[in-house]
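Fold and contact review
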Amino acid sequence: MKAIEIISIPVTDQQAAKEFYLKLGFEVLVEANFEKQTWIQMAFPGSSISITLVNWFPEMPAGSVRGFVIKTDDLDKEIEELRAKGLEVGDAEKTPWGRFAAVKDPDGNTLSLHGK
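I will try to describe carefully the structure that is included in this document. Quick caveat: nothing in here was measured; it's all calculated off a predicted structure.

All right, on to unusual backbone geometry then. Peptide bonds are trans in most cases, and residues, glycine excluded, mostly fall at negative phi. In this structure, Glu 35 takes a positive phi of about 50° despite not being glycine. Along the chain, Glu 35 falls in the loop between strand 2 (27-34) and strand 3 (37-43). Classification of Glu 35 by relative accessible area gives exposed; the value is 79%.

With that settled, the discussion passes to the pairing of strand 4 (residues 50-54). Across the five residues of strand 4, five count as buried, placing the element largely inside the fold. Along strand 4, one buried face is formed by Ser 50, Thr 52 and Val 54 and the opposite face, lined by Ile 51 and Leu 53, is buried too. Where strand 1 (residues 6-10) and strand 4 come together, five bridges link them in parallel fashion. Opposite Pro 10, over in strand 4, you have Val 54 as the bridge partner. Summarising the sheet, strand 3 and strand 4 pair through three bridges and their orientation is antiparallel. Bridging across to strand 4, Ala 43 finds its partner in Ser 50.

The mixed open sheet is built from four strands, whose spatial order is 5-8-7-6. Only two strands of the sheet have a single partner each, and these edge strands are strand 5 (68-71) and strand 6 (93-95). This sheet shows a mean twist of 35° between the axes of neighbouring strands, independent of strand direction. Relative to strand 7 (residues 98-104), strand 6 runs antiparallel, the two being bridged by three bridges. Counterpart to Glu 93 in the pairing with strand 7 is Phe 100. Across the sheet, helix 1 (residues 14-24) is in contact with strand 5, strand 7 and strand 8 (110-115); its angle to strand 8 comes to roughly 5°. Strand contacts of helix 2 (residues 75-84): strand 7 and strand 8, with the helix running at about 15° to strand 7, the strand carrying the most contacts.

Tallying each qualifying case throughout the model produces six aromatic pairs. Between Phe 34 and Trp 56, the aromatic rings sit 5.4 Å apart at their centres with planes inclined by 90°, giving edge-to-face as the arrangement. Residue Phe 34 is located in strand 2, and its partner Trp 56 is located in the loop between strand 4 and strand 5; the two are separated by 22 residues in the primary sequence. Residue class for Trp 56 comes out partly exposed when judged on its relative accessible area of 22%. Through successive ring pairs, a cluster of aromatic residues spans Phe 20, Tyr 21, Phe 26 and Phe 44.

What counts, and where the lines are drawn
- Here, residues in each chain are numbered from 1, in the same order as that chain's written sequence.
- Residue-level local features of this predicted model are given only where pLDDT is at least 70; pairs of side-chain atoms are given and counted only at 80 or more, and the full residue set underlies all totals for whole chains, interfaces and linings.
- Water and hydrogen atoms were dropped before computing side-chain values, which therefore reflect all heavy atoms in the structure.
- Secondary structure follows DSSP: runs of H or I at least 4 residues long count as helices, runs of E at least 2 residues long count as strands, and numbering of each begins at the N terminus.
- Using a 1.4 Å probe on the protein chains alone, a residue whose accessible area is under 20% of its type maximum counts as buried, one over 50% counts as exposed, and one in between counts as partly exposed.
- Pairing between two strands is assigned when DSSP locates at least 2 bridges connecting them.
- Fitted lines through C-alpha atoms give the axes, limited to the stretch in contact for helices. The angle between two N-to-C directions lies from 0 to 180 degrees.
- In what follows, a contact means two residues having at least one pair of non-hydrogen atoms within 4.5 Å.
- What counts as a ring pair is set by centres within 6.5 Å for rings of Phe, Tyr and Trp (its six-membered ring), and what kind of pair is set by the plane angle: stacked under 30 degrees, edge-to-face over 60, tilted for all other angles.

Given below as structure tokens:
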């Protein structure tokens, strides 16, 4: 085994979720129909790790993701920029292992922005 390649994010409305993740800085790698589903795969520019927005796993209810951490070089700047784009981002909290700010996607999946 070499690396994590794709992380599935459970959502209800793939298009609304896609717009949210675009605002976070992700790019669409693949958007293709298969059977009666749509495969939407996204990643940060230059990243080898991607996400896919899924709505076909009954055991993964939309909004159930926690602990998804996104690294940033300037947390305060990211918070300001995301808020300017209309996203609700929590205030930065200091912990012994770094500073974090929470942001939720349209389904309530909670992502943690991590930075200095």
